[in-house]
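# Commentary on secondary and tertiary structure
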Amino acid sequence: SRPRHRIRKASGCPRLGEQRPAGRKSPGGTDLGRVIAITNQKGGVGKTTTAVNLAASLGDRGRRVLLVDTDPQGNSTSGLGVNKKGLEHSTYHMLVEGERADAAKISTQFRNVDLLPAGIDLAAAEIELVDLPERVFRLRAGLLPVKEQYDYILIDCPPSLGLITLNALAVSDSLLIPIQCEYYALEGLSQLMATVRQVKRLYNPRIDVEGVLLTMFDGRLNLTNQVVDEVKKFFPKKVFATVIPRNVRLSEAPGFGMPVLYYDRASRGAACYLELADELMKNRR
Ligand code: ATP
Ligand code: MG
């Protein structure tokens, strides 16, 4: 019979029994302007939930965060309570019109969290970018001027490996890959890693995997434990010890336009994203 993963409960948050070694150290050991792409071209795996709640949690811990919404669905934007219709400054304007992040970013009502919003017009960017100069480096050009103003810049990527995602990878120090504990969890990950290798070779030699985050975890299911096994095999030493459980508060909070921390601070979802923030910060020091 297969060994079950030992789960240690800490503040109600499931953790993998085995500690993940520290991630990549940034030069000088500082977090300043660390850009992390939250990406997986598979849809509905928890990218946006992670982007919004990790941003709020890092902000709560006193870190200055910019959340960049690069998904035309604009879920990170509405998840932070910002109306995604008719935006005059947005990720679209940055990518296509060359606007800089200083002009496009807005502050939110959540502690230490700024947002670069996105709306449906961003869908056109995927096509418009094709004919633009430096088409892979446009997000990088827009973000560069504000990099030093933040400890972390988190990029919520769309569920595709198109030009918008390439722009995100080209500016990122690392990527955080959420994986849903479900059948076919590993589907598409070979393709994602091939893309990352290509980006590393052609555009951005410093990019690396920050960590793999298991989401919508349910320790009672055998399936979940099988997925954990497979993911650990696929990404040795890269899986975050913090695991995000299935938690109804996490799915309710976006409907109120707020991170779970502000919707129900006592929830397990809130506790786990705070733990993820702590693990991420610890890995950098
Ligand atoms: P897309 O690829 O469409 O951008 P995504 O990867 O950003 O999707 P989310 O939008 O974060 O995924 O999550 C998909 C759905 O699952 C949402 O309805 C979200 O509220 C819900 N969800 C995400 N994580 C959890 C969780 N830990 N517990 C319960 N529900 C969750
Ligand atoms: Mg999303």
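Residues numbered from 1 in each chain as written. Chains lettered and ligands numbered in written order. Predicted model: local features only at pLDDT ≥ 70, side-chain atom pairs only at ≥ 80, totals over all residues. Heavy atoms only, no water.

### Examining unusual backbone geometry
Quick reminder of the rule: Only DSSP runs of H or I reaching four residues or more are called helices, and only runs of E reaching two or more are called strands; each is numbered from the N terminus.
Within the chain, Met216 stands out as a residue other than glycine whose phi angle is a positive 50 degrees. Inspection of the secondary structure assignment puts Met216 in the loop between strand S9 (208-215) and helix H9 (222-234). Of note, the phi angle at Lys237 is positive, near 65 degrees, even though the residue is not glycine. Summarising the element assignment, Lys237 is placed in the loop between H9 and helix H10 (248-252).

### Remarks on the pairing of S9
What counts, and what does not: Exposed residues in this analysis have more than 50% of their type's maximum accessible area, buried residues have under 20%, and partly exposed residues fall in between, with area computed by a 1.4 Å probe over protein chains only. Note on pairing: DSSP must find at least two bridges between two strands before they are called paired. With its strands directed away from the observer, a crossover is right-handed exactly when the path from the first strand over the helix to the second travels clockwise.
Most of S9 sits inside the fold, with 7 of its 8 residues counted as buried. For strand S8 (residues 174-180) and S9, the ladder comprises 7 bridges, and the chain directions are parallel. By the bridge assignment, Leu176 is partnered in S9 with Gly211. Between the parallel elements S8 and S9, the chain passes through helix H8 (residues 189-202) in a crossover that is right-handed.

### Re the state of the cysteines
So the rule is basically this: Sulfur atoms of two cysteines make up a disulfide when they are within 2.5 Å.
Counting across every chain of the model gives 1 disulfide. With its sulfur 2.5 Å from that of its partner, Cys13 forms a disulfide with Cys272. Its S-S torsion of about 135 degrees marks the bond between Cys13 and Cys272 as right-handed, since a negative value means left-handed. Taken together, the residues span a long stretch of sequence, with Cys13 in strand S2 (residues 13-16) and Cys272 in helix H12 (residues 268-284) at a distance of 259 residues. By relative accessible area, which is 0% here, Cys272 ends up buried.

### Digging into the environment of His93
Stated formally: Side-chain atoms alone can form a polar contact between residues adjacent in sequence; in general such a contact is a pair of N or O atoms within 3.5 Å, and within protein one must be able to donate a hydrogen while the other accepts it.
Along the chain, the position of His93 falls in helix H3 (residues 91-97). Put simply, His93 and Ala118 are 25 residues apart on the chain and 9.3 Å apart in space, counted from C-alpha to C-alpha. A polar atom in the side chain of His93 sits 3.2 Å from the backbone oxygen of Glu88.

### Overview of the packing of helix H7 (residues 163-171) against H8
Definition in use: To obtain each axis, a line is fitted to C-alpha atoms, and for helices this fit is confined to the stretch in contact; angles are then taken between N-to-C directions over 0 to 180 degrees. An angle counts as roughly parallel when it lies under 35 degrees, as roughly antiparallel when it exceeds 145, as roughly perpendicular when it falls between 65 and 115, and as oblique in every other case. Crossing handedness is defined as follows: a turn of the near helix away from the far one that is anticlockwise and smaller than a right angle gives a left-handed crossing, while the clockwise case is right-handed. Residue contacts are defined here by distance: any two heavy atoms, one from each residue, within 4.5 Å place the two residues in contact. Polarity classes work like this: nonpolar for Ala, Val, Leu, Ile, Met, Phe, Trp, Tyr, Cys and Pro, charged for Asp, Glu, Lys and Arg, and polar for all others, with Gly in that last group.
Closest axis-to-axis distance for the H7/H8 pair is 10 Å, and the angle between their directions is 55 degrees. Here H8 runs oblique to H7, going by the angle between their axes. The two elements H7 and H8 cross, and the hand of that crossing is right-handed. Contacts between H7 and H8 involve Leu166, Leu169 and Ala170 on the former and, on the latter, Thr195, Val196 and Val199. Of the residues belonging to the contact of H7 with H8, the class tally is 5 nonpolar, 1 polar and no charged.

### So, the site of ligand 1
Just so we agree on the cut-off: Whether a residue is near a molecule or strand depends on its heavy atoms: if one lies within 4 Å, it is near.
If you check the shell around ligand 1, you find 18 residues, and the closest are Lys47, Thr48, Thr49, Pro245 and Asn247. The contact in question runs from an oxygen atom of ligand 1 to an N or O atom on the backbone of Thr48, over 2.8 Å. Note that a nitrogen atom of ligand 1 is positioned 2.9 Å from one of the backbone N or O atoms of Pro245. If you list the elements that add at least two residues to the shell around ligand 1, you get helix H1 (47-60) and H10. The greatest single-element share of the shell around ligand 1, amounting to 3 residues, is contributed by H1. When the residues that make up the shell around ligand 1 are grouped by side-chain class, the tally is 6 nonpolar, 8 polar and 4 charged.

Read these as layout, nothing more, since geometry by itself doesn't imply function.
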